[in-house]
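# Observations on chain architecture
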Amino acid sequence: MSFDRVWTDAHLCTMQGNGLGVIEDGAVAAKDGRIAWVGKRADLPAGAAETTRCDGAWILPGLVDCHTHLVFAGDRAREFEMRLEGASYEAIAKAGGGILSTVRATREASEDALVAAALPRLDALLAEGVTTIEVKSGYGLDLETEARMLRAARRVGAARDVSLVTACLAAHAIPPEYAGRRADYARHVADAIIPAIAAEGLADAVDAFTDSAIGFTPEETAWVFDAARRAGLPVKLHADQLRDDEGAALAARYGALSADHIEYANADGIAAMARACTVGVLLPGAYYFIRETHLPDIAAMRAAGLRIALATDLNPGSSPALSLLLMLNLGCTLFRLTVVEALRGVTVNAAAALGLTDRGTLAPGQRCDLALYAISRPAELCYWIGRNACVGRVVAGA
């Protein structure tokens, strides 16, 4: 048997089965960018062109950050400062804050400027072992800027050794030119923006924000999802973050890849998601940053057998988070996820949240995306706050 490369003298978290799939003193072999063999080092067949000794490091599937808003202009640090000084939401909005401040900055930014701003953010995530990342639009809220954001995201992915997938989130908020005309804007997204984005091949999925107060109603979201279906694109949903709007059930009804946030999702909606194979993506960074107090119903998720993922939700307004490893700790500390649940949440389940079946586990035939960590046991990745133990990253066998 011939291999291009072998990683040996390592412990493995294969994520096979329902647990971590641990193999101590193991090895991984790659051929043509795919995993060709996984197992105990003592059973490793001969025939490697190149061997890397890992000095007892732990190897996980490359991490997957399945929910980010990586591409945007400006920041909201002044808004953060004002909140700490006691300013109300209304006062901040009158001072030019809120999501529309990011929309203004992003509309004014060139594609080159968006790429330049996004690359350092991406580099921070890659340094922790991320090999696949999703990037959403949603700060343009018009066709021109949404397309520019998605083109910038494609360029960012091409500039680094990473798999980058995109989601069109034009139904993120109501733009100022549509103030008081939410339904009209939802129709515009469905009838104009999604078909144009799809025709240019800029999006791998369509996302929306369902919220009866500040987002879109379930009916309006359905218009957007119907447009995605016509364009042949899968859907995802920002669901039940601030209140129960039956977003989980809506996501399940459309067979969404994932429903994200879901702090307020009810047990029936969670069960519907599990039956529809819709992944529940938890975003503890946003929960922490906006000081939310309503915990997601983890017990209902476990009872339903829902696949749970974790992601950074990197964005300027509610989760300025550049660390997926930190999300592991927050997921365990705030939501009481187990180590197994958390680590599966940034590997195999996160890949499923993007509809990717060729990664997230260490198994023959999978992409050889690996993350190597100098730790004594996998729990350390969830335990440490602020420690990056990543000592190596492999993308497609390289």
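Residues numbered from 1 in each chain as written. Predicted model: local features only at pLDDT ≥ 70, side-chain atom pairs only at ≥ 80, totals over all residues. Heavy atoms only, no water.

Quick look at the side chain of N329 now. Residue placement: N329 occurs in helix α12 (residues 324–335). A polar contact is formed between the side chain of N329 and the backbone oxygen of Y383, at a distance of 3.3 Å. (Helix = DSSP H or I, 4+ residues; strand = E, 2+ residues; numbered from the N terminus. Polar contact = N/O pair within 3.5 Å; in protein donor to acceptor, adjacent residues only side chain to side chain.)

Turning next to the pattern of salt bridges. By the definition in use, this model includes 26 salt bridges. Across the pair D211 and R243 runs a salt bridge whose closest N-O atoms are separated by 2.5 Å. Placement of the pair is D211 in the loop between β8 (205–208) and α7 (218–230) and R243 in the loop between β9 (236–239) and α8 (247–253), with a sequence separation of 32 residues. For D211, a relative accessible area of 1% gives the class buried. With a relative accessible area of 29%, R243 lands in the partly exposed category. (Salt bridge = Lys/Arg side-chain N within 4 Å of Asp/Glu carboxyl O. Buried < 20%, exposed > 50% of the residue type's maximum accessible area, 1.4 Å probe, protein only.)

This part covers the UniProt feature "binding site: N-formimidoyl-L-glutamate" (unreviewed entry) in the protein chain. UniProt records the feature "binding site: N-formimidoyl-L-glutamate" (unreviewed entry) for Y139, N315 and G317 in the present numbering. For this annotated set, covering 179 residues, all C-alpha atoms fall within 11.1 Å of each other, a compact arrangement in space. With respect to the secondary-structure elements, Y139 resides in the loop between β6 (130–136) and α5 (143–158). In this fold, N315 is placed in the loop between β12 (308–310) and α12. For N315, a relative accessible area of 4% puts it in the buried group. Aside from chain neighbours lying at most four places away, what touches N315 is H69, F72, Y139 and P320. (UniProt positions renumbered as here; feature names shortened; annotations may be inferred. Contact = heavy atoms within 4.5 Å.)

What the 4 strands build is an open sheet, ordered β9-β10-β11-β12; its pairing is parallel. Of all strands in the sheet, those with a lone pairing partner are β9 and β12, marking the two edges. Direction aside, the axes of adjacent strands within the sheet are offset by 25 degrees on average. As paired strands, strand β11 (residues 279–282) and β12 are joined by 3 bridges and run parallel to one another. Note that in β12 the partner of V281 across the bridge is A309. (Pairing = 2+ DSSP bridges. Axes fitted to C-alpha atoms, helices over the stretch in contact; angles between N-to-C directions.)

With that settled, the discussion passes to the environment of A239. One can find A239 in strand β9. Residue classification places A239 among the buried positions, given a relative accessible area of 0%. Between the C-alpha atom of A239 and that of G19, which follows or precedes it by 220 residues, the distance is 27 Å. Excluding anything up to four places from it in sequence, A239 contacts G247, A248, A259, D260, H261 and I262.

Let's shift gears to the sheet that holds β6. Taken in spatial order, the 4 strands of this open sheet run β5-β6-β7-β8, and their pairing is parallel. The open sheet is flanked by β5 (63–65) and β8, the only strands paired with a single partner. The mean angle between the axes of side-by-side strands here comes to 25 degrees, regardless of whether they run parallel or antiparallel. The sheet contact formed by β6 and strand β7 (residues 163–171) spans 5 bridges and is parallel. When the sheet's bridge partners are listed, I133 is paired in β7 with L164.

Looking now at unusual backbone geometry. Positive phi is not limited to glycine here, since H261 has a value of about 85 degrees. Considering the arrangement of structural elements, one finds H261 in strand β10 (residues 258–261). Accessibility expressed as a relative area gives 2% for H261, which makes it buried. Here the phi dihedral of R336 falls at roughly 65 degrees; this positive angle occurs in a residue that is not glycine.

This brings us to the domain arrangement of the protein chain. In terms of domains, the protein chain is made up of domain 1 (3–62 + 360–394) and domain 2 (63–354). One C-alpha centre belongs to domain 1, the other to domain 2, and the line joining them spans 30 Å. Facing the 27 residues of domain 1 at the interface are 25 residues of domain 2. Counting each side, the surface lost to burial between domain 1 and domain 2 is near 1,900 Å², with a carbon and sulfur contribution of 61%. (Domains from an automatic or database assignment. Buried area = accessible area lost by both parts, 1.4 Å probe.)

The next point concerns the packing of α5 against helix α6 (residues 182–199). Between α5 and α6, the shortest axis-to-axis distance is 10 Å and the interhelical angle comes to 30 degrees. Relative to α6, α5 is oriented roughly parallel. Two packed elements cross with a definite hand, and for α5 against α6 that hand is right-handed. Across from L143, E146, A147 and L150 in α5, the residues of α6 making contact are I193, A196 and I197. A class-by-class count of the residues in the contact of α5 with α6 yields 6 nonpolar, no polar and 1 charged. (Parallel < 35°, antiparallel > 145°, perpendicular 65-115°, else oblique. Left-handed = near helix turned anticlockwise from the far one by under 90°. Nonpolar A, V, L, I, M, F, W, Y, C, P; charged D, E, K, R; others polar.)

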